[in-house]
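# Structural description and commentary
Below are the chains, spelled out letter by letter.
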Amino acid sequence: MRTDDQRKAREARTDTFGFAVFAFCVFSYGTAAQQQALGPPSDPAAVERGQRLHVQECGFCHGANARGGSGGPDLTRSALVQNDENGKQLGEFLQVGRPDRGMPKFDLGSAQVTDLAAFLHSAIYLNANRRLYKILDILVGDPKAGEAYFTGAGRCSSCHSPSGDLKGVGAKYEPVALQGRFLMPRGRAGGQGAAPVPLYAQPTAIRVTVTSPSGESVTGGLVRLTDFEVTLYDASGALRSWLRNGDVPKVVITDPLQAHQDHLTKWTDADMHNMTAYLASLK
């Protein structure tokens with residue numbers, strides 16, 4: 001009996017040890033694979049090409065840095081992008097799109113898809129390593145000077161009001177996010193946790209009016225504009241497209257945030273910090 005009990009105990013210890021070794025190997029492999037997937041980009045030129053392509057084709061919805069934009073989610077957190085293998089899954093997805101979610105399909109070449117994947121994987125790597133960066137205190141400006149700029153040279157008061165749309169904005173956002181919103185305001189609509197707002201219904205969406213030679217005019221949220229086509233969401237939420245031949249049909253773009261875009265080259269460091277301090281004081 002004692003010998004049999006000892007044999008069973010040895011087998012149990014062996015099984016336990018074997019499982020521990022197996023678990024360690026699986027964990028180690030997973031960690032190594034994850035580190036490899038999140039490693040620094042091996043082809044900076046491909047990343048640069050992919051970034052230009054992303055800004056051109058995807059930036060409006062997903063933001064220039066792929067971390068969310070006007071109606072589009074953060075691609076650095078996308079399971080499809082994270083599990084993508086050199087553009088394979090990404091390319092298959094782009095060929096189909098998600099029309100039910102407002103995303104059209106894209107006809108990209110294999111090299112373009114590979115470059116786009118390189119950029120997105122690089123963005124995921126940078127996103128995963130943001131903990132290495134420390135954001136310093138940016139409230140170093142003069143709120144009074146910021147208020148003077150708001151009502152004077154900046155001409156911000158022509159569209160905004162501290163007692164209206166900006167009431168309590170300093171309590172709503174952290175200074176870093178607040179500065180980002182007035183410098184690059186085309187962020188995710190609805191805010192974190194809110195239901196997504198359809199592109200055609202977003203007040204900050206770029207609007208486009210398409211007028212055909214027959215005089216029919218359609219206005220909606222811009223989805224895509226090239227030298228060959230224009231695509232929009234109309235007031236009902238339907239996706240509509242026209243082929244372009246020069247100035248036919250007539251296309252007129254209206255961007256409610258154009259003033260912010262035009263002002264990007266006019267900011268000085270002092271004005272930026274003063275404005276941030278002023279807006280942060282609006283509790």
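Computed from a predicted structure; not experimentally measured.

## Looking at the overall build of the protein
For the protein, the helix and strand inventory stands at 11 helices and five strands. For the protein, buried positions account for 33% of its 283 residues. In the protein, the proportion of contacts linking residues at least 24 apart, taken out of those at least 6 apart, comes to 56%. Of the roughly 18000 Å² of accessible surface on the protein, 56% is carried by carbon and sulfur atoms.

## Topic: the packing of aromatic side chains
A complete count under the given rule lists three aromatic pairs for this structure. Seen from their ring centres, Tyr-149 and Trp-267 are 5.5 Å apart, and the 35 degrees between their planes marks the pair as tilted. In this pair, Tyr-149 sits in helix α7 (residues 143-151) while Trp-267 sits in the loop between α10 (258-263) and α11 (269-280), placing the two residues 118 residues apart along the sequence. Residue Tyr-149 shares its accessibility class with Trp-267, and that shared class is buried.

## Quick look at α7
One turn of an α-helix holds 3.6 residues; hence residues three or four places apart share an orientation. By the burial criterion, the buried members of α7 are Gly-146, Tyr-149 and Phe-150. Down the axis of α7, the sector holding all buried residues measures 105 degrees, keeping them to one side. Exposed residues pointing more than 90 degrees away from the buried face of α7 are listed as Lys-144 and Thr-151. On its buried face, α7 is in contact with α10 and α11. The N-cap of α7, judged by a side-chain oxygen 3.0 Å from the amide nitrogen of Lys-144 a few residues on, is Asp-142.

## Re the pattern of salt bridges
Opposite charge on two side chains permits them to pair, given that their charged atoms come into close proximity. Counted under the stated rule, the structure contains seven salt bridges. The shortest N-O distance in the salt bridge between Arg-49 and Asp-115 comes to 2.8 Å. With Arg-49 in helix α2 (residues 44-57) and Asp-115 in helix α6 (residues 110-128), the pair connects residues that are 66 residues apart, well separated along the chain. On the basis of relative accessible area, Arg-49 is assigned to the partly exposed category, the value being 37%. For Arg-77, the salt bridge is made with Asp-74, and the minimal N-O distance between the two is 3.5 Å. We classify Arg-77 as exposed; its relative accessible area is 59%. Through salt bridges with shared partners, a single ionic network connects Glu-57, Arg-224 and Glu-229.

## Quick look at the pairing of strand β4 (residues 239-243)
With five bridges connecting them, strand β3 (residues 229-233) and β4 associate as antiparallel partners. By the bridge assignment, Glu-229 is partnered in β4 with Leu-243. Counted along the chain from β3 to the antiparallel partner β4, the turn is five residues long, and its residue Gly-237 has a positive phi close to 95 degrees.

## With respect to α2
Counted at 1.5 Å a residue, the expected span for α2 with its 14 residues is 20 Å, and the 20 Å between its end C-alpha atoms agrees. All buried positions along α2 are accounted for by Ala-46, Val-47, Gly-50, Leu-53, His-54 and Glu-57. Angular distribution of buried residues about the axis of α2 spans 125 degrees; they occupy a single face of the element. Facing away from the buried surface of α2 by more than 90 degrees, the exposed residues are Pro-44 and Gln-56.

## What to know about the sheet that holds β4
An order of β4-β3-β2-β1-β5 is seen for the five strands of this open sheet, with the pairing classed as antiparallel. Only two strands of the sheet have a single neighbouring strand rather than two, namely β4 and β5 (250-254). Strand-to-strand, the axes of this sheet are offset by a mean angle of 40 degrees, without reference to chain direction. Where strand β1 (residues 207-211) lies against strand β2 (residues 217-225), five bridges are found, and the strand directions are antiparallel. Bridge pairing in β2 links Thr-211 to Ser-217.

## Section: the packing of α7 against α11
The contact between α7 and α11 brings their axes to 7 Å, and the two run at 100 degrees. When the axis of α7 is compared with that of α11, the two are roughly perpendicular. Here Pro-143, Ala-145, Gly-146, Glu-147, Tyr-149 and Phe-150 of α7 lie close against α11, whose contacting residues are Asp-271, Asn-274, Met-275, Ala-277 and Tyr-278. Classifying every residue of the contact of α7 with α11 gives seven nonpolar, two polar and two charged.

## With respect to the nonpolar core
Leu-90, Leu-94, Leu-108, Leu-116 and Leu-120 are the most contacted members of the largest nonpolar core, which totals 18 residues. Of the residues forming this core, the biggest block, seven residues, is contributed by α6. In this structure Leu-94 touches Met-103, Lys-105, Phe-106, Leu-108 and Leu-116, once residues within four positions along its chain are discounted. The next biggest cluster of nonpolar side chains, apart from the first, holds 15 residues, and it includes Phe-150, Val-169, Met-275 and Leu-279.

What counts, and at which threshold
- Residues numbered from 1 in each chain as written.
- Predicted model: local features only at pLDDT ≥ 70, side-chain atom pairs only at ≥ 80, totals over all residues.
- Heavy atoms only, no water.
- Helix = DSSP H or I, 4+ residues; strand = E, 2+ residues; numbered from the N terminus.
- Buried < 20%, exposed > 50% of the residue type's maximum accessible area, 1.4 Å probe, protein only.
- Contact = heavy atoms within 4.5 Å.
- Areas by Shrake-Rupley, 256 points an atom, 1.4 Å probe, with all protein chains shown as cover.
- Phe/Tyr/Trp six-rings, centres within 6.5 Å; stacked < 30°, edge-to-face > 60°.
- Arc of directions from axis to C-beta.
- Polar contact = N/O pair within 3.5 Å; in protein donor to acceptor, adjacent residues only side chain to side chain.
- Salt bridge = Lys/Arg side-chain N within 4 Å of Asp/Glu carboxyl O.
- Pairing = 2+ DSSP bridges.
- Expected span 1.5 Å × (residues − 1).
- Axes fitted to C-alpha atoms, helices over the stretch in contact; angles between N-to-C directions.
- Parallel < 35°, antiparallel > 145°, perpendicular 65-115°, else oblique.
- Nonpolar A, V, L, I, M, F, W, Y, C, P; charged D, E, K, R; others polar.
- Core = buried A, V, L, I, M, F, W, Y, C linked by side-chain atoms within 4.5 Å.

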